[in-house]
Amino acid sequence: MNHNPIETCQCVIIYRKSWHSSNTYSSSCGHPAFQILCSDDGSVAALRSSAIHVLGIDYANNSFIVSHTRVSAVNGVCRTDFNMSSSIALSPFTISRRNRALCFLYNCNGTEPHGRGYVNVTSNCSTPIFAYLGGSYYWDSPPPIATGRCSYTYMPVLRAEAAVMTAASYTRLLKDGFVLEWETDTIGNCAACIATGGECRYDNDAVAFACLCPDGRLRARAGSTCAGESICIMRRGVHAQLRR
């Protein structure tokens, strides 16, 4: 993976893969899910209406590196008792299986597992919390580990980082984030639009990808390009490109 880091969020709009702006929205820019909002000082780029910060983008693999503010801040381990998948519900994004699963166990009441790989990460938390670094992250079927009678959650973390770390490095792993992906066939084929002389747009009324052609017409029919050819079914979204 080659995720281009976002060092400074310059609030400009380029109509290709992702788009970002100030706290305003125009349907001509792209699918709302791909709007990236900049902080006033340009130091933070966040997905619209979410606690997810964008740290880097890999255009070739249709993915972001992101972190969640709830767990990436100081003492974030104390706030890992939630389902990360709920943060992207009803969006075109999925948590990549290229991540590894960092398991946090709490409410154990003395039943917490012991042994190699289990780490007490309570630190400044009000109740005991333990961590274990598992295998690949599958939100619907997490890697099996011993959990005693504890409550537990799985946080996705970067596989490359996890390969040289252990659960004891939990703070760094949570801060460095995880990979979030989108499928091309769920957000529209912007490349096909551009190849026929168009510019990628999003039609709010049609709730669909649209191609703005040189003649000024906005073709929002599924699969439309400026050549009028049906390339594929484009159900939602628009590619966008983020410039640093």
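Look up a bit, the structure's there.
Residues numbered from 1 in each chain as written. Predicted model: local features only at pLDDT ≥ 70, side-chain atom pairs only at ≥ 80, totals over all residues. Heavy atoms only, no water.

1. A word on empty space enclosed by the protein
Here is the rule: Note on definitions: the grid is 1 Å and covers protein atoms alone; a cavity is a set of points where a 1.4 Å probe fits but cannot get out; a pocket is an open set with protein on both sides within 12 Å along at least five of seven lines; lining residues have an atom within 4 Å of a point. Grid points are joined across faces, edges and corners, and a volume is the space filled by probe spheres set on the points. Numbering goes from the N terminus for both helices and strands, where a helix is a DSSP run of H or I of at least four residues and a strand is a run of E of at least two. By the convention adopted, Pro, Cys, Tyr, Trp, Phe, Met, Ile, Leu, Val and Ala count as nonpolar, Lys, Arg, Asp and Glu as charged, and the other residues, Gly among them, as polar.
The tally for this structure, following the rule as stated, stands at one cavity of 30 Å³ or more. There is about 40 Å³ of room inside the largest cavity. Taken together, Ser67, His68, Val71, Met84, Pro156, Val157, Leu173, Leu174, Gly177 and Phe178 make up the lining of the largest cavity. Every element with two or more residues in the lining of the largest cavity is listed here: β6 (63-68), β11 (151-157) and α3 (170-176). In terms of residue class, the lining of the largest cavity is built from seven nonpolar, three polar and no charged.

2. Comments concerning the pattern of salt bridges
Charged atoms that come close allow side chains of opposite charge to pair. Rule in force here: What counts as a salt bridge is simple: a side-chain nitrogen of Lys or Arg found within 4 Å of a carboxyl oxygen of Asp or Glu.
Summed over all chains, the structure comprises six salt bridges. Bridged by salt links that share partners, the residues Glu161, Arg172 and Asp176 form one connected network.

3. Digging into the sheet that holds strand β13 (residues 199-203)
The condition is simple: At least two DSSP bridges between two strands are needed for those strands to be called paired.
Read from one edge of the open sheet, three strands run β13-β14-β15, paired in antiparallel fashion. Each edge of the open sheet carries a strand with a single partner, namely β13 and β15 (218-219). With two bridges joining them, strand β14 (residues 208-212) and β15 adopt antiparallel strand pairing. When the sheet's bridge partners are listed, leucine 212 is paired in β15 with leucine 218.

4. Re the layout of surface pockets
Estimated volume of the second largest pocket: approximately 200 Å³. Lining the second largest pocket are 13 residues, with Ala33, Arg48, Ser50, Ser91 and Phe93 positioned closest to its centre. Residues of the lining of the second largest pocket, tallied by class, amount to eight nonpolar, four polar and one charged.

5. Details of the sheet that holds strand β9 (residues 119-120)
With respect to topology, four strands assemble into an open sheet ordered β9-β10-β8-β11, the strand pairing being antiparallel. The open sheet has two free edges, formed respectively by β9 and β11, since each of these has just one partner strand. One ladder, built from two bridges, connects β9 with strand β10 (residues 129-136); its direction is antiparallel. When the sheet's bridge partners are listed, valine 119 is paired in β10 with alanine 131.

6. Points about the side chain of aspartate 58
Note the threshold: With a 1.4 Å probe rolled over the protein chains alone, any residue whose accessible area is under 20% of its type maximum counts as buried; one over 50% counts as exposed, and the rest are partly exposed. The convention is simple: Lys and Arg are positive, Asp and Glu are negative, and His and the chain ends are not counted. What qualifies as a polar contact is a pair of N or O atoms within 3.5 Å, subject to a donor-acceptor requirement within protein and to the restriction that residues adjacent in sequence count only when both atoms come from side chains.
Locating aspartate 58 in the fold gives a position in strand β5 (residues 52-58). One buried charged side chain, aspartate 58, makes no salt bridge at all; its nearest oppositely charged neighbour is arginine 98, positioned 5.0 Å away. A polar contact is formed between the side chain of aspartate 58 and the side chain of asparagine 61, at a distance of 2.7 Å.

7. Some details on the environment of serine 87
Using the following cut-off: In this description, contact between two residues means that some pair of their heavy atoms is separated by no more than 4.5 Å.
Relative to the assigned elements, serine 87 resides in the loop between α1 (69-72) and β7 (93-95). For the pair serine 87 and alanine 51, spaced 36 residues apart in sequence, the C-alpha to C-alpha distance is 7.9 Å. When sequence neighbours within four positions are dropped, the list of residues in contact with serine 87 reads Ile52, His68 and Phe82.

8. Things to note about unusual backbone geometry
The phi dihedral of asparagine 75 is positive, around 60 degrees, even though this residue is not glycine. Secondary-structure assignment places asparagine 75 in the loop between α1 and β7. Of note in this structure, asparagine 109 is not a glycine but carries a positive phi near 55 degrees.

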